[in-house]
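Each chain, written out:
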Amino acid sequence: MRSEFVANVSHELKTPLTTIKGFVETLKEGALNDPEKGKKFLDIIQKHTERLEYLVNDLLTLSAIENKGELLNLENISVLSVIEPVINLFKDRLENKHLSLILNIPENIPSLNIDRIKIEQVFLNLLDNAIKFTPSQGIISIGALVQDGFIRIDIKDTGMGIEEKYLPRLFERFYRVDKGRSSELGGTGLGLSIVKHIVQMHGGRVAVESDVGKGSTFSIFLPLKSS
C-alpha cells in the first residue's frame, strides 16, 4: 500500500511539474517577448502551480488525519452552524453556474459532538464535488435526519451520476472514475478519502448512491454521541 501510494503521489506531481518546466523553458527561449503568448503561458503555469498547491495541501491534511495520535477538538454544535458557513463560501460558484441549492435541516435535529474544522472540511469537499460535476441549471440539496443512533446528512446533486461498478472504490486515495475530467476540474483524487477518514475519526461512516444521468447522493453518518 505504501509503494502504491508513493507511486500515485509521484504520478500526480509529475504532470504539473513537467508542464511548468516546459513552459518556463519556452518563455526563456523567447516567448516572453511576445505579450500575448507570454500571458497565455504564464496562465498555464499558474494553473498547474495551483494544482500542485491543492495536492500538497490535501496530502498534508490526509497525513494529519491518519496520524492516530491526533486529537479531535470536540464541541457541541448544531449541524446547521457547520453547514451554513461552508455554503457561503460557494455562493459565487453556485450563482456563476446557475445552480440551485436547497437546504433541508429540520429544527429538531440534535446537536453533534464534533470537531468543527474537520467536519467543515468534509462539507467543503462534498459540496465542491457536487458543484464540479453538476451541469448548469442543476440542483444540489442538503438534508439531515436521525437514523439508527446517527445523524445522517445527505448531499444530493442532479449531476452526471456514477456507474454502480465504480462506487465501491470512490473513497480510495487517488481513485477517479474519469481521470481526465477530474484533473481538468482541479481534483486531486484525495477529497473523498479525506471525507471518509474524518468521518471515521468521529465514529461514523460514509455511503454513496448514484444513478447515471440522474445524479449522486453522498451520505455521512455521525453518531449522536461521540464514541
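It should be emphasised that the depicted structure is a prediction, and the values quoted were computed from it without experimental measurement.

Novice: Sorry if this is basic, but what is going on with the packing of helix H5 (residues 116-132) against helix H7 (residues 191-201) here?
Specialist: When two helices pack together, their arrangement is given by the angle between their axes and by how far apart the axes lie. Two elements in contact, H5 and H7, have axes whose closest approach is 9 Å; the angle formed by their N-to-C orientations is 150°. Between H5 and H7 lies a crossing of left-handed hand. Note on element contacts: H7 touches H5 through Gly191, Leu192, Ile194, Val195, Ile198, Val199 and Met201, opposite Lys118, Ile119, Gln121, Val122, Asn125, Leu126 and Asn129. When grouped by side-chain class, the residues that make up the contact of H5 with H7 number nine nonpolar, four polar and one charged.

Novice: Which parts of the structure should I look at to understand the pairing of strand E5 (residues 150-157)?
Specialist: Looking along a regular strand, one sees side chains alternate from face to face of the sheet. Of all eight residues making up E5, six are buried, and the element is well covered by its neighbours. In this antiparallel pair of consecutive strands, strand E4 (residues 139-147) and E5, the connection spans two residues, and Asp148 shows a positive phi of 55°.

Novice: I'm lost on the pattern of salt bridges in this one. Help?
Specialist: Tallied over the full model, the rule gives nine salt bridges. Two residues, Glu75 and Arg116, come together in a salt bridge whose shortest N-O distance is 3.8 Å. Of this pair, Glu75 sits in strand E1 (residues 74-77) while Arg116 is found in helix H5, placing the two residues 41 residues apart along the sequence. Linking Lys165 and Glu163 is a salt bridge whose minimum nitrogen-to-oxygen distance equals 3.9 Å. Here the residues in one salt-bridge network are Glu75, Arg116 and Glu120, joined through shared partners.

Novice: Can you walk me through the packing of aromatic side chains in this structure?
Specialist: According to the stated counting rule, one finds two aromatic pairs in the structure shown. With a centroid separation of 5.0 Å and an interplanar angle of 45°, the aromatic rings of Phe23 and Phe41 are classed as tilted. Taken as a pair, Phe23 in helix H1 (residues 2-28) and Phe41 in helix H2 (residues 35-66) lie far apart in primary sequence, 18 residues in all. Summarising the aromatic geometry, the rings of Phe171 and Phe218 are spaced 6.2 Å apart at their centres and angled 75° between planes, so their arrangement reads as edge-to-face. Separated by 47 residues along the polypeptide, Phe171 in the loop between E5 and helix H6 (179-184) and Phe218 in strand E7 (residues 215-223) bring together distant segments of the chain. For Phe218, a relative accessible area of 12% puts it in the buried group.

Novice: Looking at this structure, I do not really get H7. What am I missing?
Specialist: Residue pairs spaced three or four apart in an α-helix point in one direction, given the helix's 3.6 residues per turn. Of all eleven residues in H7, eight are buried, a share of seventy percent or more. In this structure, the buried side of H7 is in contact with H2, H5, strand E6 (205-211) and E7. Positive backbone phi, approximately 80°, marks Gly203, located one or two places after H7.

Novice: Before we go on, may I ask you to explain the packing of helix H3 (residues 79-89) against H5 in this structure?
Specialist: At a minimum axis separation of 9 Å, H3 and H5 run at an interaxial angle of 45°. Compared by their axis directions, H3 and H5 come out oblique. Judged by the twist between their axes, the crossing of H3 over H5 is right-handed. Contact residues: H3 offers Ser81, Val82, Ile83, Pro85, Val86, Ile87 and Leu89, while H5 offers Arg116, Ile119, Glu120, Phe123, Leu124 and Leu127. Here the residues of the contact of H3 with H5 are counted per class, giving ten nonpolar, one polar and two charged.

Novice: Explain the nonpolar core to me, please; I cannot follow it from the model alone.
Specialist: What tends to happen in soluble globular proteins is that the nonpolar side chains get buried as a cluster. Counting residues in hydrophobic clusters, the biggest one holds 48 residues, and the most contacted among them are Phe123, Ile153, Leu170 and Ile220. In terms of residue count, the dominant contributor to this core is H5 (seven residues). Leaving out residues up to four positions away in the same chain, Ile153 has contacts with Val79, Ile83, Phe123, Ile142, Gly143, Ala144, Phe218, Ser219, Ile220 and Leu222. The next biggest cluster of nonpolar side chains, apart from the first, holds six residues, and it includes Ile20, Ala31, Phe41 and Ile45.

Novice: What is the right way to read the side chain of His197 from this model?
Specialist: Tracing the backbone through its elements, the reader meets His197 in helix H7. Classification of His197 as buried rests on a relative accessible area of 18%. Once residues within four sequence positions are removed from consideration, His197 is found in contact with Leu62, Ile65 and Glu66.

Novice: Help me understand unusual backbone geometry in this model?
Specialist: Keep in mind that most residues, glycine aside, have a negative phi and that most peptide bonds are trans. At His98, a residue that is not glycine, the phi angle is positive and equals roughly 60°. Taking relative accessible area as the criterion, His98 reaches 49% and is therefore assigned partly exposed. Located in the positive-phi region is Asp148, a residue other than glycine, with phi close to 55°. Here Asp148 lies in the loop between E4 and E5. Judged by its relative accessible area of 70%, Asp148 is exposed.

Cut-offs applied
Residues numbered from 1 in each chain as written. Predicted model: local features only at pLDDT ≥ 70, side-chain atom pairs only at ≥ 80, totals over all residues. Heavy atoms only, no water. Axes fitted to C-alpha atoms, helices over the stretch in contact; angles between N-to-C directions. Helix = DSSP H or I, 4+ residues; strand = E, 2+ residues; numbered from the N terminus. Left-handed = near helix turned anticlockwise from the far one by under 90°. Contact = heavy atoms within 4.5 Å. Nonpolar A, V, L, I, M, F, W, Y, C, P; charged D, E, K, R; others polar. Buried < 20%, exposed > 50% of the residue type's maximum accessible area, 1.4 Å probe, protein only. Pairing = 2+ DSSP bridges. Salt bridge = Lys/Arg side-chain N within 4 Å of Asp/Glu carboxyl O. Phe/Tyr/Trp six-rings, centres within 6.5 Å; stacked < 30°, edge-to-face > 60°. Parallel < 35°, antiparallel > 145°, perpendicular 65-115°, else oblique. Core = buried A, V, L, I, M, F, W, Y, C linked by side-chain atoms within 4.5 Å.

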